[in-house]
Amino acid sequence: QVQLVESGGGLVQAGGSLRLSCAVSGRSWGNYVIGWFRQAPGKEREFVAAIRWSDGETYYIDSTRGRFTISRDNGKSTVYLQKDSLKYEDTAVYYCAAQSPGVHQFDYWGQGTQVIVST
């Protein structure tokens, strides 16, 4: 089992910045991919960014590339999502998830943290 706990959500003005944290714990997860997803009201959950823990390789969707940065801190067992130049449409519940090696989906999920961007 892998446990994921998100934090750092809140209310921010458009154009502002916010950093989300995902604390990872549980059995050995050094070969996992840790990702961030978001779900806006009335919309499907969508992938935002991911990082492969073993070598730090990162993945983004086009709408967040250049504005969002995913990173990891090995010592703190934490993955961060730094979000800059926030837009109203970034308002969503953000979820942290883990993909086990050899599994073609994210199979562990956190509880989510709400981000509201005001205009």
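Residues numbered from 1 in each chain as written. Predicted model: local features only at pLDDT ≥ 70, side-chain atom pairs only at ≥ 80, totals over all residues. Heavy atoms only, no water.

**Student:** Talk me through the overall build of the protein; I want residue IDs and the actual numbers.
**Tutor:** Check the secondary structure of the protein and you find 0 helices and 11 strands. N-terminal to C-terminal, the α/β element order of the protein is β-β-β-β-β-β-β-β-β-β-β. For the protein, whose C-alpha radius of gyration is 14 Å, the value lies close to the compact-globule estimate of 14 Å for 119 residues. Along the first, second and third principal axes, the C-alpha set of the protein runs to 40 × 30 × 25 Å. Going through the 119 residues of the protein one by one, you find that 45% of them count as buried. Considering only intrachain contacts with a sequence separation of at least 6, the fraction spanning at least 24 residues in the protein is 52%. Summed over its atoms, the accessible surface of the protein is roughly 6,200 Å², and 46% of this surface lies on carbon and sulfur atoms. Charged side chains of the protein number 12 positive and 11 negative; the gap between the two group centres comes to 2 Å. (Helix = DSSP H or I, 4+ residues; strand = E, 2+ residues; numbered from the N terminus. Rg over C-alpha atoms; globule rule 2.2 N^0.38 Å. Buried < 20%, exposed > 50% of the residue type's maximum accessible area, 1.4 Å probe, protein only. Contact = heavy atoms within 4.5 Å. Areas by Shrake-Rupley, 256 points an atom, 1.4 Å probe, with all protein chains shown as cover. Lys, Arg positive; Asp, Glu negative; His and termini not counted. Charge placed at Lys NZ, Arg CZ, Asp CG, Glu CD.)

**Student:** So what about the environment of Gln-3? Which residues, and what values?
**Tutor:** Its place among the elements puts Gln-3 in strand S1 (residues 2–7). Given a relative accessible area of 36%, Gln-3 falls into the partly exposed group. Each C-alpha atom, one on Gln-3 and one on Ser-25, is 5.1 Å from the other, the two residues being 22 residues apart in sequence. When residues no more than four places from it in sequence are discounted, the contact partners of Gln-3 are Ala-23, Val-24, Ser-25 and Gly-26.

**Student:** Describe in detail the sheet that holds S1, supporting the description with residues and values.
**Tutor:** Reading across from one edge, S1-S3-S8-S7 is the order of the 4 strands in this open sheet, with antiparallel pairing throughout. Two strands lie at the open edges of the sheet, namely S1 and strand S7 (68–73), each paired on one side alone. Neighbour to neighbour, the strand axes of the sheet diverge by 20° on average, direction disregarded. Note that S7 and strand S8 (residues 78–83) share 6 bridges and pair antiparallel. (Pairing = 2+ DSSP bridges. Axes fitted to C-alpha atoms, helices over the stretch in contact; angles between N-to-C directions.)

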